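# Fold and contact review
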Amino acid sequence: MAEVAMTENWSLTIPEPLFETLQRHLFPGDGDEHGAVMVAGLQMCAGGKVRLLARDVFLAEDGVDYVPGKRGYRMLKAQFIQRHILSCRDERLVYLAIHNHGGAGSVSFSSDDIASHERGYPALLDISRGNAVGALVFAQGAVAGDIWLPGGRRVSLDRAEIIGRRRTIIRPAPIARPGNADPRYDRQTRLFGDAGQAILAGAKVAIIGLGGVGSLVAEYLARLGVGAFVLIDPDRLDPSNIPRVAGARRSDVWWTLSGPYAPSWLRRMALAHSTRKVKIARRVIRQANPGARIEAIAQNILDPVAAKAIMECDYIFLAADEMRARLLVNAIVHQYLIPGVQIGSKISVDAGGTLTDIFSVVRPLRPGMNCLWCNQLINPGKLADEAKTGRERKGQRYVDDDEVVAPSVITLNAVGAAHACDDFLFFMTGLSNPDLSLDFARYDSRARLMSLSSPRADPDCPECGCAQNARLGHGSTGPDLPLFAG
């Protein structure tokens, strides 16, 4: 018998559409047992943590693929198993056999289940050629897992996270409720409780771009009590940033040396040593939440070190408008099943200086659901131009001429930042409405109007689709990420 290691280090992440498909199949209301196979990518994280990333689910047809068992109640047919274990071997994915038990809130494998694993899984490991294999058993609101690894080790599953309109966590059995939250958060825990505050304290977020929008996001999240931050921005503060970057000070730009009356050579020298935006954001976070864990990376998100840092976050805020940043973050959202949001504000003027448009956008990104590529929000022409010039755009620029900096106003930036942080808050604490729209939102502050656009989804999309070689849920065995460092 293989050794079973009880561990908190293995988890399963499932996009909401896959989970809903599986739940309808396992629990159609007949009270019977049903079967399926899930294929999953793998991500090895710091501290020995491992994430299984659900990529697709294949439902076993009752009486055809899922039949009366020879030693247990039901079993998957050998032909059904063979088809999917060979596919997992070829795509370097994890094979997970699934069935359900009755009840709700807690679940475990039966003695027949365990005996079946011990008879069959050593052979599946041989076929998989080094990939893990395993089993999942679901009840209503609960899941348990038995994962077999090369070398004879076994690990149990600590939890599954369902990512979609809200974040839902299910486990083999309920866990103890957290203690009372810090009294500083008394007013907000009256909304989402001590359990909600504990979720925020345990959350790790990435903020890409700490300019007018991202700096506000950092402050809002710090005051909510979020526990860990990855801050990414290569830029230093410029005097024109002071009115719109939260926490910026005149001393951050050596104002007496870089002000409008200083000689140009002295201004250039002073601004070459001005404070980096990630350091300003770190200072603001520390003031609001001294216990926060902060990783400040003064690099572009396209740098491999920066990209790797966000892969272990629970949520990504994209507040930089470079097209290559959109491409990379969209790829990480789908390949590593990490939810996020793209935020921006735009003020347009014509050649004569007349104001033509003002709006903020909040675009939720959910694995397998909302995709920037599918919705033509990644411009191939601009991608090619950025790659050809090799220059990173500074600040929030929304016009084609790199020498022209578009208008930016802190109150307009705050519209998108606040809505994005509210979405994150309700998503993490489970307070989002079950039928919540994940439409892309556009806020026209001048007209006091909000409009929604339903994102399209292409099943053949190379980013969010389930076709062979698509990124979705492929983890570290998937396609190379679009990194452009150097």
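Cut-offs and rules
Residues numbered from 1 in each chain as written. Predicted model: local features only at pLDDT ≥ 70, side-chain atom pairs only at ≥ 80, totals over all residues. Heavy atoms only, no water. Helix = DSSP H or I, 4+ residues; strand = E, 2+ residues; numbered from the N terminus. Rg over C-alpha atoms; globule rule 2.2 N^0.38 Å. Buried < 20%, exposed > 50% of the residue type's maximum accessible area, 1.4 Å probe, protein only. Contact = heavy atoms within 4.5 Å. Areas by Shrake-Rupley, 256 points an atom, 1.4 Å probe, with all protein chains shown as cover. Lys, Arg positive; Asp, Glu negative; His and termini not counted. Charge placed at Lys NZ, Arg CZ, Asp CG, Glu CD. Salt bridge = Lys/Arg side-chain N within 4 Å of Asp/Glu carboxyl O. Expected span 1.5 Å × (residues − 1). Bend = angle between axes of the 7 residues up to and from the residue. 1 Å grid on protein atoms, 1.4 Å probe; cavity = no way out; pocket = protein on both sides within 12 Å on 5 of 7 lines; lining within 4 Å. Points joined across faces, edges and corners; volume = space filled by probe spheres on them. Nonpolar A, V, L, I, M, F, W, Y, C, P; charged D, E, K, R; others polar. Core = buried A, V, L, I, M, F, W, Y, C linked by side-chain atoms within 4.5 Å. Polar contact = N/O pair within 3.5 Å; in protein donor to acceptor, adjacent residues only side chain to side chain. pLDDT = per-residue confidence, 0-100. Pairing = 2+ DSSP bridges. Axes fitted to C-alpha atoms, helices over the stretch in contact; angles between N-to-C directions. Parallel < 35°, antiparallel > 145°, perpendicular 65-115°, else oblique.

This brings us to the overall build of the chain. In terms of regular secondary structure, the chain is built from twelve helices and 20 strands. Taken against the 2.2 N^0.38 rule, which gives 23 Å for 486 residues, the C-alpha radius of gyration of the chain at 25 Å falls within 12% of a compact globule. Considering the chain as a whole, with its 486 residues, one finds that 52% of them fall into the buried category. Across the chain, the fraction of contacts at a sequence separation of at least 24, relative to all contacts at a separation of at least 6, is 69%. For the chain, the exposed surface amounts to about 22000 Å²; the carbon and sulfur share of it is 52%. For the chain, the centre of its 56 positive side-chain charges and the centre of its 52 negative side-chain charges are spaced 6 Å apart.

Here the focus is the pattern of salt bridges. Summed over all chains, the structure comprises 18 salt bridges. Here Asp 182 ties to Arg 184 by a salt bridge, and the two come within 3.1 Å at their closest N and O atoms. In this structure Asp 182 comes out as partly exposed when scored by relative accessible area, which is 33%. A salt bridge links Glu 322 to Arg 324, with the nearest nitrogen and oxygen atoms 3.0 Å apart. We classify Arg 324 as buried; its relative accessible area is 3%.

Okay, helix α4 (residues 186-201) next. For α4, with 16 residues, the first-to-last C-alpha span of 14 Å runs short of the 22 Å given by 1.5 Å per residue. At Phe 192, α4 shows its largest bend, some 105 degrees. Those residues of α4 that fall on the buried side of the exposure criterion are Gln 188, Thr 189, Phe 192, Gly 196, Gln 197 and Leu 200.

Turning to the layout of surface pockets, a few remarks are in order. When its volume is computed, the largest pocket comes out at roughly 1500 Å³. Ranked by residues supplied to the lining of the largest pocket, first place goes to α4 with five residues. In this model, the second largest pocket occupies a volume close to 810 Å³. As for the second largest pocket, its lining consists of 31 residues, and the residues nearest its centre are Arg 74, Met 75, Leu 76, Ser 116 and Arg 119. At the level of secondary structure, the elements contributing two or more residues to the lining of the second largest pocket comprise β6 (74-76), α2 (78-91), β7 (94-104) and α3 (111-128). Take the lining of the second largest pocket: its biggest share by element is eleven residues, from α3. A class-by-class count of the residues in the lining of the second largest pocket yields 15 nonpolar, eight polar and eight charged.

A general tendency of soluble globular proteins is for nonpolar side chains to be buried together. In this structure, Ile 207, Val 217, Leu 221, Phe 229, Leu 231, Phe 317 and Phe 424 are the most contacted members of the largest nonpolar core, which totals 40 residues. Examining the composition of this core, we find that eight residues originate from one element, helix α12 (residues 410-429), more than from any other. Those residues within four positions of Ile 207 in sequence are excluded, and the remaining contacts are Gly 214, Val 217, Ala 218, Leu 221, Phe 229, Val 230, Leu 231, Ile 232 and Phe 317. Ala 306, Met 323, Leu 365 and Leu 481 belong to the second-largest nonpolar core, a separate cluster that totals 36 residues.

It is worth spelling out the side chain of Gln 335 at this point. Secondary-structure assignment places Gln 335 in helix α10 (residues 323-335). There is a polar contact of 2.9 Å between the side chain of Gln 335 and the backbone oxygen of Gly 475. From its side chain, Gln 335 meets the backbone oxygen of Pro 479 in a polar contact 3.2 Å long. Excluding its chain neighbours within four sequence positions, the residues that come into contact with Gln 335 are Leu 53, Arg 471, Gly 473, His 474, Gly 475, Gly 478, Pro 479 and Leu 481.

Across the chain, the average pLDDT comes to 89, with 91% of residues at 70 or higher. Low pLDDT, under 50, characterises residues 389-404; the predicted model gives this stretch 30 contacts beyond four residues in sequence or across chains.

The subject of this paragraph is unusual backbone geometry. Within the chain, Arg 92 stands out as a residue other than glycine whose phi angle is a positive 55 degrees. By the element assignment, Arg 92 lies in the loop between α2 and β7. Phi is positive for Arg 448, which is not a glycine, with a value near 55 degrees.

Of all ten residues that make up strand β4 (residues 50-59), eight are buried, and the element is covered over most of its length. The pairing of strand β2 (residues 10-15) with β4 spans four bridges and is classified as parallel. Paired with Leu 12 across the strands is Leu 52, a residue of β4. Bridge count between strand β3 (residues 35-44) and β4: nine bridges; the pairing is antiparallel.

Its location among the elements puts Leu 42 in strand β3. In sequence terms Leu 42 and Ile 310 are 268 residues apart; their C-alpha atoms lie 16 Å from each other. Other than its neighbours up to four places away in sequence, Leu 42 contacts Trp 10, Val 50, Arg 51, Leu 52, Leu 53, Val 94, His 474, Gly 475 and Ser 476.

Another point: the packing of α2 against α3. At their nearest, the axes of α2 and α3 sit 9 Å apart, and the two run at 45 degrees to each other. Comparing the axis directions of α2 and α3 gives the class oblique. Of α3, the residues touching α2 (which contributes Ile 81, Ile 85, Leu 86 and Arg 89) are Leu 124, Ile 127 and Ser 128. Classifying every residue of the contact of α2 with α3 by side-chain character gives five nonpolar, one polar and one charged.

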